[in-house]
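One-letter residues, chain by chain:
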Amino acid sequence: MKVKTILVSQPEPKIENSPYFDLSERQKVKIDFRPFIHVEGVPSKEIRQQKIDLSKFTAIILTSRNAVDHFFRVAEEMRFKVPDSMKYFCQSEAVAYYLQKYVVYRKRKIYVGKRTFTELSPLIKKYKDESFLLPAADKLKAEVPEVLNKLGVNWKEAVFYRTVISDLSDLENVTYDILVFFSPSGIDSLFHNFPDFKQNDTRIAVFGNTTIKAVEAKGLRVDIAAPTPETPSMTMALKKYITAANKK
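Analysis parameters
Numbers given for residues are sequential positions, taken from 1 along each chain in its written order. In keeping with the predicted nature of the model, local features appear solely for residues at pLDDT of at least 70, side-chain atom pairs appear and are counted solely at 80 or more, and the whole-chain, interface and lining totals rest on all residues. Values reported for side chains reflect all heavy atoms of the structure, with hydrogen atoms and water molecules removed beforehand. Here, strands pair whenever DSSP counts at least two bridges between them. The secondary structure listing takes helices from DSSP runs of H or I that are at least 4 residues long and strands from runs of E that are at least 2 residues long, numbered from the N terminus. Lines fitted to the C-alpha atoms define the axes, with helices restricted to the stretch that makes contact. Angles between their N-to-C directions range from 0 to 180 degrees. When checking whether two residues touch, look at their non-hydrogen atoms; a contact exists if any pair is within 4.5 Å.

Under an unreviewed UniProt entry, the name given to the protein is Uroporphyrinogen-III synthase, and the source organism is Lacinutrix venerupis.

Take a look at the structure:
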């Protein structure tokens with residue numbers, strides 16, 4: 001079956017040269033964007049109940065842009081002036097770059113990993129005498145505490161934000177040829193909003209092994225999977241599938 005419409009379960013890209021826009025134009029397909037989940041900040045009152053005193057920490061571990069936003073939000077709500085001496089350990093260059101929204105980059109002590117949390121661990125180990133705060137979501141990857149505990153550093157996790165299922169009721173009578181998912185939470189949202197969802201002819205595209213498992217656990221069929229050596233990005237995987245499907 002040919003592909004004419006795609007729903008991506010994420011916010012619309014803000015950059016003009018997004019590969020999704022290029023895909024839409026070149027393949028003549030309509031691509032809509034709709035977050036199936038969204039993030040809500042935990043009030044500072046609740047964070048105090050987690051026995052978090054920001055003044056007790058000398059280093060912050062930042063795993064995402066959400067972590068950056070909510071750390072500084074909470075600091076402001078608590079009227080805590082983040083000292084210039086604070087060290088920032090960022091999981092990736094993208095997170096470190098985003099940090100510039102809040103701090104003057106060249107005047108701060110910022111340490112950057114390559115991509116995964118494990119790749120950040122040698123930098124954390126190098127500064128093992130620091131007191132680390134990990135501002136995190138309510139669902140934390142198991143890898144993170146495992147790595148930190150193995151390093152034997154002084155660290156504390158605090159839930160600064162939560163992943164919440166979005167209301168998708170307005171999509172009840174709308175159908176798409178392909179649904180694109182990036183996390184198990186997106187699949188949870190699909191079935192929370194539409195408990196009787198049947199895949200039928202809808203193709204499902206997924207990114208990552210945990211998302212594939214979540215799709216299969218619901219008895220659904222994975223039609224497009226990324227990353228692979230041939231298609232390392234979701235847009236590349238979609239392009240390959242659409243090119244083949246629309247030729248028939």
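Asker: Hey, could you run me through the sheet that holds strand β10 (residues 203-207) in this one?
Answerer: Within a beta sheet, neighbouring strands are joined by backbone hydrogen bonds and run either parallel or antiparallel to one another. If you trace the five strands from one edge of the open sheet to the other, you get β2-β1-β9-β10-β11, paired in parallel fashion. Of all strands in the sheet, those bounded by a partner on one side alone are β2 (30-33) and β11 (224-226). Each strand of the sheet is rotated relative to its neighbour by a mean of 15°, with strand direction disregarded. Sheet topology places strand β1 (residues 5-8) next to strand β9 (residues 178-181); three bridges connect them, and they run parallel. Residue pairing in the sheet places Leu7 in a bridge with Leu179 of β9.

Asker: Where do I start with the environment of Phe160 in this structure?
Answerer: Within the secondary structure, Phe160 sits in strand β8 (residues 154-165). Here the alpha-carbon distance between Phe160 and Ala136, two residues 24 residues apart in the chain, equals 5.7 Å. In this view, Phe160 contacts Gly41, Val42, Ile47, Leu54, His70, Phe71, Arg73, Val74, Leu133, Pro135 and Ala136; residues no more than four positions away in its chain are not counted.

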